[in-house]
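# Close look at the chain arrangement
Below, each chain spelled out in residue letters.
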Amino acid sequence: MCLGCHKNQATQVGRLQSGHARNAVACTACHNVHKTGEESSAVQFRKPAGVNKNCAGCHVNSMASFNKPHRHRLPEGAMSCTACHNPHASFLNRNLRLANASEPGCLNCHANYRGPFIYEHAPVKNEPCTICHEPHGSINPRMLTRHEIAPLCLECHSNIQSGGRSGSLGGIPPSYHDLSNPRYRNCTICHQKVHGSNASRGLFR
């Protein structure tokens, strides 16, 4: 009934194909049809706090993540859930928005990591940002999935051969990276351009 009028509005993608639609979440679960003034959906959704409060009613675990020490500034009202998610529909899982037509929505804000780079770090181009980062909140600096840098990098980079090709996956670094030495426990001390570099194949400074 609602889409009889609203299906071509800017907030829609023309059809409901999201998890909300598949789980039979009605439009009225989020939008107040008859309320007016400050209680109307049109007013509530103009501010990030109103959007976030509405989403928090169902997505309790996601909202709890924003209590972690390293997080996006959503509780302060600096952004809303809809900055990253389209609640009506998306071509990506979890209703994620896209940037520049076909890239992860994270790049709408973090455009400095977009590239193109002469020397690319493959996960940046081929994997979601969540392979290294927890998007809602993390107990780790830079919202990383692990507390230390080296174990995170070694999930992919182990037994690196000459020429930059990696061998088998695992937690054993190349022999010249002695993890008993503190200088090798933080890979980004040397490999600072982890998203990509225009100067160094090894993603050095």
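No experiment lies behind these values; they were computed from the predicted model shown.

In terms of nonpolar packing, the biggest core is built from five residues, these being Met63, Phe66, Leu74, Met79 and Cys81. When near neighbours in sequence (up to four residues on either side) are disregarded, Leu74 contacts Asn52, Met63, Phe66, Met79, Ser80 and Cys81.

What follows covers the side chain of Ser65. Residue placement: Ser65 occurs in helix H5 (residues 60–65). Apart from the residues lying within four places of it in its own chain, the contact partners of Ser65 are His136 and Gly137.

Turning our attention to a nonpolar patch on the surface. Side chains of Phe91, Leu92, Leu96 and Leu98 sit close together on the surface and give an oily, nonpolar patch of about 360 Å² of accessible area. Relative to the helices and strands, Phe91 resides in the loop between strand S1 (70–71) and strand S2 (98–99).

Evaluation of the coordinates by the stated rule reveals four salt bridges. With a closest N to O distance of 3.9 Å, Lys68 and Glu134 form a salt bridge. Placement of Lys68 in the loop between H5 and S1 and of Glu134 in the loop between helix H6 (122–126) and strand S5 (137–138) is noted, with a sequence separation of 66 residues between them. In this structure Lys68 comes out as partly exposed when scored by relative accessible area, which is 29%. Where Glu76 meets Arg71, a salt bridge forms, and the shortest distance between an N and an O atom there is 3.0 Å.

Rules of the game
Residues numbered from 1 in each chain as written. Predicted model: local features only at pLDDT ≥ 70, side-chain atom pairs only at ≥ 80, totals over all residues. Heavy atoms only, no water. Core = buried A, V, L, I, M, F, W, Y, C linked by side-chain atoms within 4.5 Å. Buried < 20%, exposed > 50% of the residue type's maximum accessible area, 1.4 Å probe, protein only. Contact = heavy atoms within 4.5 Å. Helix = DSSP H or I, 4+ residues; strand = E, 2+ residues; numbered from the N terminus. Patch = residues over 30% accessible without salt bridge, like charges linked within 9 Å, V, L, I, M, F, W, Y side chains within 5 Å. Areas by Shrake-Rupley, 256 points an atom, 1.4 Å probe, with all protein chains shown as cover. Salt bridge = Lys/Arg side-chain N within 4 Å of Asp/Glu carboxyl O.

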